Amino acid sequence: GNSVTQMEGPVTLSEEAFLTINCTYTATGYPSLFWYVQYPGEGLQLLLKATKADDKGSNKGFEATYRKETTSFHLEKGSVQVSDSAVYFCALSWGYSSASKIIFGSGTRLSIRP
Amino acid sequence: DVKVTQSSRYLVKRTGEKVFLECVQDMDHENMFWYRQDPGLGLRLIYFSYDVKMKEKGDIPEGYSVSREKKERFSLILESASTNQTSMYLCAVSGLAGSSYNEQFFGPGTRLTVL
């Protein structure tokens, strides 16, 4: 079945460091891929998405590229800030209706030291 | 902006109690979802609804039921709460005309503790 695997946390970095959070997926067909972020005390919010192979999603300095050949969607940011401390979830959705379900990875907690 | 509200941020109940968790949206989203979030397990889908009075089981429906009598409101019911239902519960919506077809918008969550 469909599934998402992401690197376990916690990940602790210093401010301005380079960030990579790995995510790989297993799916039939051509799923859409997402990164969601959950700041402390809040619900999840969509960070970025990609709907087809080789698409690059980007937002707030974060980027991820849909790599079908390696079934990956790794999240990257060139220079992290303390305000990026949060839990990040990789996710996939399949189907073409708004009732499509989303499968989430287990989440990666990121902490940024000043 | 999409606004999804949940009735409580924190809730403490006793084993065997009937528990209601409410989710309300302020726009015309077709679909509503209930998840539970547990450390190391990510989010798991309990139930979802794609229309008023319609419901579908998710991956872990056992011990839960839902009700959607009005489009804007989706309730999660624990008929007889148990300690293994202690968790963070998240409501989400999707399906507003003109929005991304499968993007979900989340409420702030209800942290439920069952003693």
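Remember, it's a predicted structure, so these values are computed and weren't measured experimentally.

Trainee: Would you explain the pairing of strand β4 (residues 23–26) of chain A in this entry?
Mentor: All names here are of chain A. Because side chains alternate across β4, one face comprises the buried residues Cys-23 and Tyr-25, and the other comprises Thr-24 and Thr-26, none of which is buried. Examined bridge by bridge, strand β1 (residues 3–6) and β4 share 4 bridges and lie antiparallel to one another. Bridging across to β4, Thr-5 finds its partner in Thr-24.

Trainee: It is not clear to me how the layout of surface pockets should be interpreted in this structure. Could you clarify?
Mentor: Left-over empty space is what a probe sized like a water molecule reveals as it rolls over the atoms. Reported here for the largest pocket is a volume of approximately 670 Å³. Lining the largest pocket are 33 residues, with Gln-38, Val-87 and Arg-109 of chain A together with Gln-37 and Pro-39 of chain B sitting closest to its centre. Taken together, the elements giving at least two residues each to the lining of the largest pocket come down to β10 (86–93) and β12 (108–113) of chain A together with β4 (31–38), β9 (87–94) and β11 (110–114) of chain B. Considering every element that reaches the lining of the largest pocket, the biggest residue donor is β12 of chain A, with 4 residues. Approximately 250 Å³ is the volume attributed to the second largest pocket. Leu-44 and Gln-45 of chain A together with Val-2, Phe-105 and Phe-106 of chain B are the residues nearest the centre of the second largest pocket, which is lined by 14 residues in total. Of all elements in the fold, only β6 (44–50) of chain A together with β10 (105–106) of chain B reach the threshold of two or more residues within the lining of the second largest pocket. The biggest single contributor to the lining of the second largest pocket is β6 of chain A, with 3 residues. Per-class residue counts for the lining of the second largest pocket are 7 nonpolar, 4 polar and 3 charged.

Trainee: How do you make sense of the sheet that holds strand β7 (residues 65–70) of chain B when you look at a structure like this?
Mentor: Strand pairing in a sheet takes place through backbone hydrogen bonds and is either antiparallel or parallel in direction. Residues and elements named next belong to chain B. Across the sheet, which stays open at both edges, the 4 strands sit in the order β1-β3-β8-β7 with antiparallel pairing between neighbours. Each having just a single partner strand, β1 (4–6) and β7 make up the two edges of the open sheet. Strand-to-strand twist in this sheet, taken as the mean axis angle between neighbours without regard to direction, amounts to 20 degrees. By the bridge criterion, 3 bridges tie β1 to strand β3 (residues 19–25) in an arrangement that is antiparallel. Residue pairing in the sheet places Val-4 in a bridge with Gln-25 of β3.

Trainee: Looking at this model, I keep getting lost on unusual backbone geometry. Mind explaining?
Mentor: A negative phi angle characterises most non-glycine residues, just as the trans form characterises most peptide bonds. Residue and element names in this part refer to chain A. With omega at -5 degrees, the peptide bond leading from Gly-9 into Pro-10 counts as cis. Along the chain, Pro-10 falls in the loop between β1 and β2 (11–14). Of note, Glu-16 is a non-glycine position whose phi angle comes to about 75 degrees, a positive value. With respect to the helices, strands and loops of the structure, Glu-16 is situated in the loop between β2 and β3 (19–21). We note that Lys-60 has phi near 55 degrees; this positive angle belongs to a residue other than glycine. For Lys-60, the location among the structural elements is in the loop between β7 (56–59) and β8 (62–65).

Trainee: Please explain the pattern of salt bridges as it appears in this structure.
Mentor: Two side chains of opposite charge can pair, provided their charged atoms sit close to one another. This model, assessed by the stated rule, comprises 10 salt bridges over all chains. Linking Glu-63 of chain A and Lys-56 of chain A is a salt bridge whose minimum nitrogen-to-oxygen distance equals 3.6 Å. Overall, Glu-63 of chain A belongs to the partly exposed group, its relative accessible area being 35%. Given a relative accessible area of 52%, Lys-56 of chain A falls into the exposed group. When the shortest N-O distance is used, the salt bridge between Lys-18 of chain B and Glu-79 of chain B registers 3.5 Å. Pair noted here: Lys-18 of chain B is in the loop between β2 (10–13) and β3 and Glu-79 of chain B is in the loop between β8 (73–78) and β9, with a separation of 61 residues, a long-range link. On the basis of relative accessibility, which here comes to 45%, the residue Lys-18 of chain B falls in the partly exposed class. We classify Glu-79 of chain B as partly exposed; its relative accessible area is 44%.

Trainee: Looking at this structure, I do not really get the interface of chain A and chain B. What am I missing?
Mentor: Interface extent is often summarised as the accessible area lost during association of the parts. Each partner contributes residues to the interface: chain A has 23 residues there, and chain B has 23 residues. Summed over both sides, the interface between chain A and chain B buries roughly 1,800 Å², with carbon and sulfur atoms accounting for 53% of that surface. Seen at the junction of chain A and chain B, the total is 0 salt bridges. Run the count over chain A and chain B and you get 3 residue pairs in polar contact (both at pLDDT 80 or more). Within the residue set of the side of chain A that touches chain B, elements represented by two or more residues are β5 (32–38), β6, β10 and β11 (102–104) of chain A.

Parameters at a glance
- All residue numbers refer to positions counted from 1 along the written sequence of the respective chain.
- Chain letters start at A and ligand numbers start at 1, both assigned in the order the entries are written.
- Residues qualify for local features only when their pLDDT is at least 70, as the model is predicted, and side-chain atom pairs are given and counted only at 80 or more; totals for whole chains, interfaces and linings, by contrast, use all residues.
- Calculation of side-chain values draws on the structure's entire complement of heavy atoms; hydrogens and water are dropped beforehand.
- Exposed residues in this analysis have more than 50% of their type's maximum accessible area, buried residues have under 20%, and partly exposed residues fall in between, with area computed by a 1.4 Å probe over protein chains only.
- Helix numbering and strand numbering both begin at the N terminus, where a helix is a DSSP run of H or I of at least 4 residues and a strand a DSSP run of E of at least 2.
- Note on pairing: two strands pair once DSSP finds at least 2 bridges between them.
- The rule is simple: put a 1 Å grid over the protein atoms alone, call a set of points where a 1.4 Å probe fits but cannot get out a cavity, call an open set with protein on both sides within 12 Å along at least five of seven lines a pocket, and count a residue as lining if it has an atom within 4 Å of a point.
- Grid points are joined across faces, edges and corners, and a volume is the space filled by probe spheres set on the points.
- Polarity classes work like this: nonpolar for Ala, Val, Leu, Ile, Met, Phe, Trp, Tyr, Cys and Pro, charged for Asp, Glu, Lys and Arg, and polar for all others, with Gly in that last group.
- Note on method: axes are straight lines fitted to C-alpha atoms, helices fitted across the in-contact stretch only, with angles between N-to-C directions ranging 0 to 180 degrees.
- Only one rule defines a salt bridge in this text: a Lys or Arg side-chain nitrogen within 4 Å of an Asp or Glu carboxyl oxygen.
- Here, two residues are considered to be in contact whenever any of their heavy atoms come within 4.5 Å of each other.
- What gets called buried area is simply the loss in accessible area from a 1.4 Å probe that two parts show on being joined, summed for both.
- Identification of polar contacts relies on pairs of N or O atoms within 3.5 Å, with a donor-acceptor requirement for protein atoms, meaning one able to donate a hydrogen and the other able to accept it, and with residues adjacent in sequence counted only if both atoms are side-chain atoms.

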